[in-house]
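# Tertiary structure, described
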Amino acid sequence: MAAKPDDSKKRKHDPTAGGKSAPKKLKSSTDKVLKKPHKSSKQLGDKKPHVPVDSKRERRLQAKELAEARKKKRKKHYTLEQELASLWEKMRTRNIAKEERSRLVSDALKKMKGKIPEIASSHVSSRVLQTCVKHCTQDERNAVFVEIRPHFITLATNTYAVHLVTKMLDNASKEQQAQFISALHGHVATLLRHMVGSLVVEHAYQLGNAAQKQTLLMELYSPELQLFKDLISAKEARLVDVISNLQLQKGSVIRHMSSVLQPILEKGILDHSIIHRALVEYLTIADQSSAAEIIQQLSSPDLVRMIHTKDGSKIGIFCVKHGSAKERKKIIKGMKDKVGKIARDKCGALVLVSILSIVDDTKLLSKVIIRELEGILKELLSDQNGRRSFLQLLHPNSSRHFSPDELAALGLSVPSLVTKSPTEVNVALGEEAETSGLGEAGKEDADATQSSHVNEGGKKDPLTRRQELLVHSGLAEKLIDACCETAEELLRSNFGKDVIYEVAMGGADSILRPTLDGKLETLHGVIASLAAHPKMEGSDKQHLFEHFHSSRTIRRLILDSPSFACTLYEKALKGKCSIWAEGHSAKVICALLETTSSMVHKLVKKEVQPLVDDGILKLAK
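Parameters at a glance
Residues numbered from 1 in each chain as written. Predicted model: local features only at pLDDT ≥ 70, side-chain atom pairs only at ≥ 80, totals over all residues. Heavy atoms only, no water. Helix = DSSP H or I, 4+ residues; strand = E, 2+ residues; numbered from the N terminus. Buried < 20%, exposed > 50% of the residue type's maximum accessible area, 1.4 Å probe, protein only. Contact = heavy atoms within 4.5 Å. pLDDT = per-residue confidence, 0-100. Core = buried A, V, L, I, M, F, W, Y, C linked by side-chain atoms within 4.5 Å. Patch = residues over 30% accessible without salt bridge, like charges linked within 9 Å, V, L, I, M, F, W, Y side chains within 5 Å. Areas by Shrake-Rupley, 256 points an atom, 1.4 Å probe, with all protein chains shown as cover. Salt bridge = Lys/Arg side-chain N within 4 Å of Asp/Glu carboxyl O. Lys, Arg positive; Asp, Glu negative; His and termini not counted. Charge placed at Lys NZ, Arg CZ, Asp CG, Glu CD. Phe/Tyr/Trp six-rings, centres within 6.5 Å; stacked < 30°, edge-to-face > 60°. Lys NZ or Arg CZ within 6 Å of the ring centre and 35° of its normal. Axes fitted to C-alpha atoms, helices over the stretch in contact; angles between N-to-C directions. Left-handed = near helix turned anticlockwise from the far one by under 90°. Nonpolar A, V, L, I, M, F, W, Y, C, P; charged D, E, K, R; others polar. Disulfide = S-S within 2.5 Å. Parallel < 35°, antiparallel > 145°, perpendicular 65-115°, else oblique. Expected span 1.5 Å × (residues − 1). Polar contact = N/O pair within 3.5 Å; in protein donor to acceptor, adjacent residues only side chain to side chain.

Tallying secondary structure elements over the protein gives 38 helices and zero strands in all. Among the 621 residues that make up the protein, the fraction classed as buried is 47%. Within the protein, residue pairs in contact and separated by at least 24 positions form 70% of the contacts whose partners lie at least 6 positions apart.

Below, the structure is given as structure tokens:
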């Protein structure tokens, strides 16, 4: 017998026909307008009902109390944070007395004692802690360090606590710093993959000594090196030396470094010098495919973020030298609107010099780099680093303008990507067995070999490239005009004097001649006119012939440019040589006879030779 259906489970009665639910009526946008209010204020003949102010205030207070209760329940140290915040507002003011601030700091630290690792992750409490660490006594700072020491790694990855950790590192003693770096053992690679944690590792790397930096780097090289780090001396700074001395398998080191560096690069963590150093070391041992992959990955607009460090600039040079035309284009376009800042940076300027020496697409260089340099031309001419791009175009790879280390950096190449023979590569980067114990002499030989390959990577003739960038782009003409306008300032400047000398000489290989001969003669005339000003006795401002920098620059121009020597004598020195026969200016007069130009000798001999005969002037032997 069939069970009778349960009436309690039946559907509720539906008033619509057929037991079917009526479709919902969609509300139109006009419904609100057409719908009349049930009771209007006008129909009631009364105004909107008045709500007492007290009731509004009470509701706000109740809501505030409810929020406070929720925060107390959610945050363990909420009440303490409120107390610390009120103390912080007092201690961080500028006009507070030193004794009063010390008292407030001590009170705050007493309240936080035993709870510092817990409250350091709070937005408010971390700021209070930073102020306390900055103004507290050394004993109080030591107590904070002891309390947070077991929690370094946890705090290093917290968005707010990381600032406390870096502040503690800045104020740490040598022993505390060593303890902190020791605490990073086994966590360096993990922290470098963390956007916040990487800041702490970089901070420790910057503050550490050579041995501590080496310890941090070893964790990125190989798991074996973490175990045998005590066997490595501080002198073995290069990875190739470490591999050779410990007889490690290069393949396993490459695989481990790839697994460590790839996630870091994929996350875009490119600003830290420890990563730049690790990448340089990786490229010195990587095989061709691995090195090419890294170069391709780094050849992007993000490369600009790396070239502010010494090792980062080397990576930039590698990318420019070994990258394809397409990759070089990406790098150059990434520098748009940043060329001035890069040119003023000591390391970034070298990358800019490398680009101007290697890249064949001179139209792109003129459009992106040269135009931006022209916009701030006068500012860059006297800047120590800003002038380097112009000096490279005027006189490439001059030892007068670039140090041996800088020339060596410009000549570096990735061993597996160069077109030289394996023997040359090994000698250049110290990978041969006989150079594995590399002393200073071996390194100097390697640098000498490297400096002969500065322009590797460009197919265009270097002189043609320079003419297109300097003369055809119009940069040379603007350079000469700028030198004419600021000639006195440049001659007196320690850095500007080199630029005006190279311009006045017409550049190496006479690159500015004969196209701009007229402009160069004008510049010679401007310098001679400035030198023709009479000698002012008792004046604070030295004459160009007596100033240390300008007198030596004018002397060099006399020795190297006969046309300038003749112009200077005719406009400034004729009949006045005896006036300038003493002090720094005597070097200028002597140069008129020391020059190899017979034309200059013939012009000045009648006036200058008697000064030599009388013993007033002494010529260089």
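Next comes the rest of the write-up.
Next up on the list: the confidence of the model for the protein. In this model, the protein carries a mean pLDDT of 84, and residues with pLDDT of at least 70 account for 82%. Taken as a whole, residues 1-5 scores under 50 in pLDDT and shows zero contacts with residues more than four places along the chain or in a different chain. This model gives residues 15-21 a pLDDT under 50, and the stretch forms five contacts once residues within four places in sequence are excluded.

Here helix 7 (residues 123-135) has its buried residues at Ser125, Ser126, Val128, Leu129, Gln130, Thr131, Cys132 and Val133. Buried residues along helix 7 sit in contact with helix 4 (78-91), helix 5 (98-112), helix 6 (116-119), helix 8 (138-148) and helix 10 (161-170).

So, on to the environment of Lys338. The residue Lys338 is located in the loop between helix 21 (325-334) and helix 22 (339-344) in this model. Overall, the relative accessible area of 38% leaves Lys338 in the partly exposed class. With 31 residues separating them along the chain, Lys338 and Ile369 place their C-alpha atoms 9.2 Å apart. Apart from residues lying up to four places away in sequence, Lys338 is in contact with Val304 and Glu372.

Relative to the elements of secondary structure, Arg466 occurs in helix 30 (residues 462-472). Here Arg466 falls in the buried class, since its relative accessible area comes to 8%. Residues within four places of Arg466 in sequence aside, it is in contact with Leu393, Leu394, Pro396, Val471, Ala508, Asp509 and Ile511.

Core analysis: the biggest nonpolar cluster contains 168 residues, and Met112, Met335, Ile369, Leu470, Leu512, Leu568 and Leu573 have the highest contact counts within it. A total of eight residues in this core trace back to one element, the largest contributor, which is helix 18 (residues 273-285). Leaving out residues up to four positions away in the same chain, Ile369 has contacts with Ile332, Val339, Leu352, Ile355, Leu356 and Leu364.

Moving on to a positive patch on the surface. Together, Lys329, Lys333, Lys336 and Lys367 make up a positively charged patch on the protein surface. Within the secondary structure, Lys336 sits in the loop between helix 21 and helix 22. The class of Lys336 is exposed, set by a relative accessible area of 52%.

A complete count under the given rule lists 26 salt bridges for this structure. Between Glu546 and Lys535 there is a salt bridge; the shortest N-O distance is 3.2 Å. Placement of Glu546 in the loop between helix 34 (517-531) and helix 35 (548-560) and of Lys535 in the loop between helix 34 and helix 35 is noted, with a sequence separation of 11 residues between them. Linked by salt bridges that have partners in common, Glu100, Arg103 and Asp107 make up one network.

Moving on, we come to the environment of Leu530. Positionally, Leu530 belongs in helix 34. Assessed through its relative accessible area of 17%, Leu530 is described here as buried. In this structure, the C-alpha to C-alpha distance between Leu530 and His543, residues 13 residues apart in sequence, is 9.1 Å. Ignoring sequence-local partners within four residues, the contact set of Leu530 consists of Ala487, Glu488, His543 and Leu544.

Taken as a whole, this structure holds three aromatic pairs when the rule is applied. Pairing Phe152 with Phe180 gives two aromatic rings, centres 4.6 Å apart and planes at 80°, and the pair type is edge-to-face. Taken as a pair, Phe152 in helix 9 (residues 152-156) and Phe180 in helix 11 (residues 174-183) lie far apart in primary sequence, 28 residues in all. Like Phe152, the residue Phe180 is buried in the burial classification. Residues Phe545 and Trp580 carry aromatic rings whose centres are separated by 5.2 Å and whose planes lie at 75° to one another, so their mutual orientation is edge-to-face. Taken together, the residues Phe545 in the loop between helix 34 and helix 35 and Trp580 in the loop between helix 36 (562-573) and helix 37 (585-594) connect sequence positions 35 residues apart. Under the relative-accessibility criterion, Trp580 is labelled buried at 3%. An aromatic cluster of three or more residues is present, and its members are Phe145, Phe152 and Phe180. When the ring centre of Trp88 is taken as origin, the NZ or CZ atom of Arg92, which lies over that ring, is 4.4 Å away.

Residue Pro514 is reached from Arg513 by a cis peptide bond, and omega for that bond is -5°. Mapped onto the fold, Pro514 is located in the loop between helix 33 (496-505) and helix 34. Its identity is not glycine, yet Asp337 carries a phi of approximately 70°, on the positive side. Among the secondary structure elements, Asp337 is positioned in the loop between helix 21 and helix 22. Look at Asp337 and you get exposed, because its relative accessible area is 66%.

So, on to the packing of helix 34 against helix 36. Two numbers describe a pair of packed helices, the interaxial angle and the distance between the axes. Close contact between helix 34 and helix 36 brings their axes to 9 Å; oriented N to C, the two are set at 35°. The interaxial crossing formed by helix 34 with helix 36 has right-handed handedness. Contacts between helix 34 and helix 36 involve His524, Gly525, Ile527, Ala528, Ser529 and Ala531 from the former and Ser563, Phe564, Thr567, Leu568, Lys571 and Ala572 from the latter. Each residue belonging to the contact of helix 34 with helix 36 can be placed in one class, and the counts come to six nonpolar, five polar and one charged.

The next subject is the state of the cysteines. This model, assessed by the stated rule, comprises zero disulfides. As a non-bridged cysteine, Cys484 has Cys483 as the owner of its nearest cysteine sulfur, 7.1 Å distant.

Next up on the list: the packing of helix 35 against helix 36. As a packed pair, helix 35 and helix 36 sit with axes 5 Å apart at the nearest point and diverge in direction by 120°. Taken together, the axis directions place helix 35 and helix 36 in an arrangement best described as oblique. Where helix 35 crosses over helix 36, the two elements pack in a sense that is left-handed. Every residue of helix 36 that contacts helix 35 at Ile554, Leu557, Ile558 and Asp560 is listed here: Pro562, Phe564, Ala565 and Leu568. Looking at the contact of helix 35 with helix 36 residue by residue, the class counts come to seven nonpolar, no polar and one charged.

Next up on the list: helix 23 (residues 346-358). The terminal C-alpha atoms of helix 23 lie 19 Å apart, and with 13 residues this matches the ideal 18 Å at 1.5 Å per residue to within 8%. The element helix 23 is largely enclosed, with a buried count of 12 among its 13 residues. If you check which residues of helix 23 are buried, you get Cys347, Gly348, Ala349, Leu350, Val351, Leu352, Val353, Ser354, Ile355, Leu356, Ser357 and Ile358. Regarding helix 23, its N-cap is Asp345, as a side-chain oxygen of that residue lies 3.1 Å from the backbone nitrogen of Cys347 further along.

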